Amino acid sequence: MTRVLRPRVLAAVVAAAFALVAGGGGAAAAGQRPVETNFTVGFLKGFPKPGEAPDGANDWACRPGAAHPAPVVLVHGTFENQNDNWGGAAPLLVNNGYCVFSFNYGAAEGNPIQGTGPVAQSAGQLAAFVDRVRAATGAAKVDLVGHSQGGMMPRYYLKHLGGAAKVGTLVGIAPSNHGTTLDGIATLARGLGLLEPVNAFLLGPACPACVDQEFDSPFITALNAGGETVPGVRYTVIASKFDEVVTPYTSAFLDGPGVTNITLQDGCPLDAADHLEIAYDPVTLTHVLNALDPAHPRTVPCTVVLPLTGPLV
C-alpha cells in the first residue's frame, strides 16, 4: 500500500531540506526586492508557507499608475502554491512598478499542495479574486500571468465566466492548453518531490485537475471547441523545448487572433529550463515583462539556464 505523507509532515520535511540549500538568486540593487532565479531554492522556501504571498505581492494599498494601469494577478500551477511558484516573478514585477497579487486555489486553505480541484471550480475562485483586486485597486482590468494549469485555467474564466471584459492580457508559462498525459503529471510530481502522495491522487478522486488536464479529456476538448481565444484579450504563451510535463512542448501554444507563441530556445539556445524552472527563468521573465508592456520592449537576455536550478551565474 502506498504511504501518503500528511501535508503538514511533508511541509516540515521540505522546510528542513531548505535549511540545507544555499541561497539562490542574487543581491538586489538598492531599493529593489531580491529576485529568485533558482526554482529549487524558491520552491523549498515557499512550499511550507502557502498562506504567505510571495515577496511584494498582495499589497492591498497599491494603486496602479499610468505606466502600468492593470494590476497583475499570478496564477500558480498544479501541486504548487502562490508562494513556491512566484518567488521570482512577484518581486520582479513589483520592482518594475506593477501592483501584483497572488492567491491559492483548488485545495483546502493551508494545504501546501494546491491546484488539485476541478479546473472549472478553480476558475470560479480566480473570478472572485479578480473582482476583489479590481475593487481594491479601482482598476477596470487586470492582466494574468499563469504557470502550467495556471496558464490554461484562466481561459475557462475568460470564455465562460465573464472574464473577457475584465482581463487585458493572459501570459501562459508552459500552460497545459491542450492537456498532457498521466505520465507527464507524474513527472511533474516527481520533480516536486511529491510522488508518493500524488500516486494516491492519481489513483483516486483527490486530483480532479489531473483528470481535467489529460490529453483529449472532456474538459480540454470543450475548452478548445469553437476557438481557443476570446476577442479583446491579448495572449502570450512561453514554452521550452525541454518541458518534460507538457509534451510535446508545442501543445502549449494557442491558435487564434491576438496570440504570440514564444519558444525560449529560438532566441536563446543556451536556455535549458524545464517545466519547473521556466517560471523562475530570467529569460522567461523578461518575455513576461515584454508581454505585459509591449510598447516598451526590453532586450531579452541569453544565458545558460539549467533545469531546476537556473542560471549558472
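Everything discussed here concerns the structure shown above.
Computed from a prediction, not measured in an experiment: that's the story for all the values here.

**Q** Quick rundown of helix H12 (residues 282-292)? Include the residues and the values.
**A** When you tally the buried positions in H12, you get 10 out of 11 residues, the bulk of the element. For H12, the complete set of buried residues consists of Val283, Thr284, Leu285, Thr286, His287, Val288, Leu289, Asn290, Ala291 and Leu292. Sitting at the amino-terminal end of H12 is Asp281, which places a side-chain oxygen 3.0 Å from the backbone nitrogen of Val283.

**Q** Requested: an account of the environment of Ile278, with residues and values cited.
**A** Tracing the backbone through its elements, the reader meets Ile278 in the loop between helix H11 (264-267) and H12. Residue classification places Ile278 among the buried residues on the basis of a relative accessible area of 0%. As for Ile278 and Ile238, which are separated by 40 residues in sequence, their C-alpha atoms are 8.8 Å apart.

**Q** Any chance you could break down the sheet that holds strand E5 (residues 234-239) for me, citing the residues and the numbers?
**A** Read from one edge to the other, the open sheet built from six strands follows the order E2-E1-E3-E4-E5-E6, with strand pairing classed as parallel. Strands with a single pairing partner mark the edges of an open sheet, and in this sheet they are strand E2 (100-102) and strand E6 (259-263). The mean inter-strand angle of the sheet, taken between neighbouring strand axes irrespective of direction, is 15 degrees. Bridge analysis of strand E3 (residues 142-147) against strand E4 (residues 167-173) gives five bridges, and the strand direction is parallel. For Val142, the partnering residue across the bridge sits in E4 and is Val167. Sheet strands touched by helix H5 (residues 119-137): strand E1 (72-75), E2 and E3. Its angle to E3, the strand with the most contacts, is close to 140 degrees.

**Q** Give me the nonpolar core: which residues, what numbers.
**A** Grouped together as the largest cluster of nonpolar side chains are 36 residues, with contacts concentrated most on Val73, Leu126, Leu144, Tyr157 and Leu158. Mapped by element, the contributors of at least two residues to this core are E1, H5, E3, helix H6 (149-160), E4, helix H10 (218-224) and E5. When residues of this core are assigned to their parent elements, the largest contribution, seven residues, is made by H5. Those residues in contact with Leu158 that sit more than four places away from it in its chain are Gly163, Ala164, Val167, Leu170, Val230, Val233 and Tyr235. Counting residues in hydrophobic clusters, the runner-up holds 28 residues, among them Val100, Ile238, Leu292 and Val305.

**Q** Account for the packing of H5 against H6, with residues named and values stated.
**A** Two elements in contact, H5 and H6, have axes separated by 8 Å at closest approach and are oriented at 80 degrees. With respect to their mutual orientation, H5 and H6 come out roughly perpendicular. For the pair formed by H5 and H6, the contact residues are Val119, Ala120, Ser122, Ala123, Leu126, Ala127 and Val130 on the first element and Gln149, Met152, Met153, Pro154, Tyr156 and Tyr157 on the second. Classifying every residue of the contact of H5 with H6 gives 11 nonpolar, two polar and no charged.

**Q** Give me the lowdown on the state of the cysteines, citing residues and values where you can.
**A** A full pass over the atoms with the stated rule returns three disulfides. Residue Cys207 pairs covalently with Cys210 via a disulfide, S to S 2.1 Å. In this structure, the disulfide formed by Cys207 and Cys210 twists by about 70 degrees around the S-S bond and is classed as right-handed. Across the pair, exposure class does not vary: Cys207 and Cys210 are buried alike. Between the sulfur atoms of Cys268 and its disulfide partner Cys302 the distance amounts to 2.2 Å. Looking down the S-S bond of the Cys268 and Cys302 bridge, the torsion is 85 degrees, so its handedness is right-handed. On the criterion of sequence distance, the pair formed by Cys268 in the loop between H11 and H12 and Cys302 in the loop between H12 and strand E7 (305-306) is long-range, its members being 34 residues apart. The class for Cys268 is buried, based on a relative accessible area of 1%. A relative accessible area of 41% means that Cys302 is categorised as partly exposed. Looking at the chain, its bonded cysteines, counted consecutively from the start of the sequence, adopt the pairing 1-2, 3-4, 5-6.

**Q** I'd like to hear about H6, residue by residue, with values.
**A** The first and last C-alpha atoms of H6 sit 17 Å apart over 12 residues, in line with the 16 Å expected at 1.5 Å per residue. Along H6, the positions that sit buried rather than exposed are Gln149, Gly150, Gly151, Met152, Met153, Pro154, Arg155, Tyr156, Tyr157 and Leu158. Positive phi appears at Gly162, one or two residues downstream of H6, with a value of about 80 degrees.

**Q** For the side chain of Ser102, give the residues involved together with the corresponding values.
**A** On the secondary structure map, Ser102 appears in strand E2. For Ser102, a relative accessible area of 1% corresponds to the buried category. Reaching out from Ser102, the side chain makes a polar contact with the side chain of Gln82 at a distance of 2.7 Å. The residues touching Ser102, leaving out its near neighbours within four places in the chain, are Ala53, Pro54, Ala57, Asn58, Leu74, Gln82 and Phe129.

Basis of the calculations
- Residues numbered from 1 in each chain as written.
- Predicted model: local features only at pLDDT ≥ 70, side-chain atom pairs only at ≥ 80, totals over all residues.
- Heavy atoms only, no water.
- Buried < 20%, exposed > 50% of the residue type's maximum accessible area, 1.4 Å probe, protein only.
- Helix = DSSP H or I, 4+ residues; strand = E, 2+ residues; numbered from the N terminus.
- Polar contact = N/O pair within 3.5 Å; in protein donor to acceptor, adjacent residues only side chain to side chain.
- Pairing = 2+ DSSP bridges.
- Axes fitted to C-alpha atoms, helices over the stretch in contact; angles between N-to-C directions.
- Contact = heavy atoms within 4.5 Å.
- Core = buried A, V, L, I, M, F, W, Y, C linked by side-chain atoms within 4.5 Å.
- Parallel < 35°, antiparallel > 145°, perpendicular 65-115°, else oblique.
- Nonpolar A, V, L, I, M, F, W, Y, C, P; charged D, E, K, R; others polar.
- Disulfide = S-S within 2.5 Å.
- Expected span 1.5 Å × (residues − 1).

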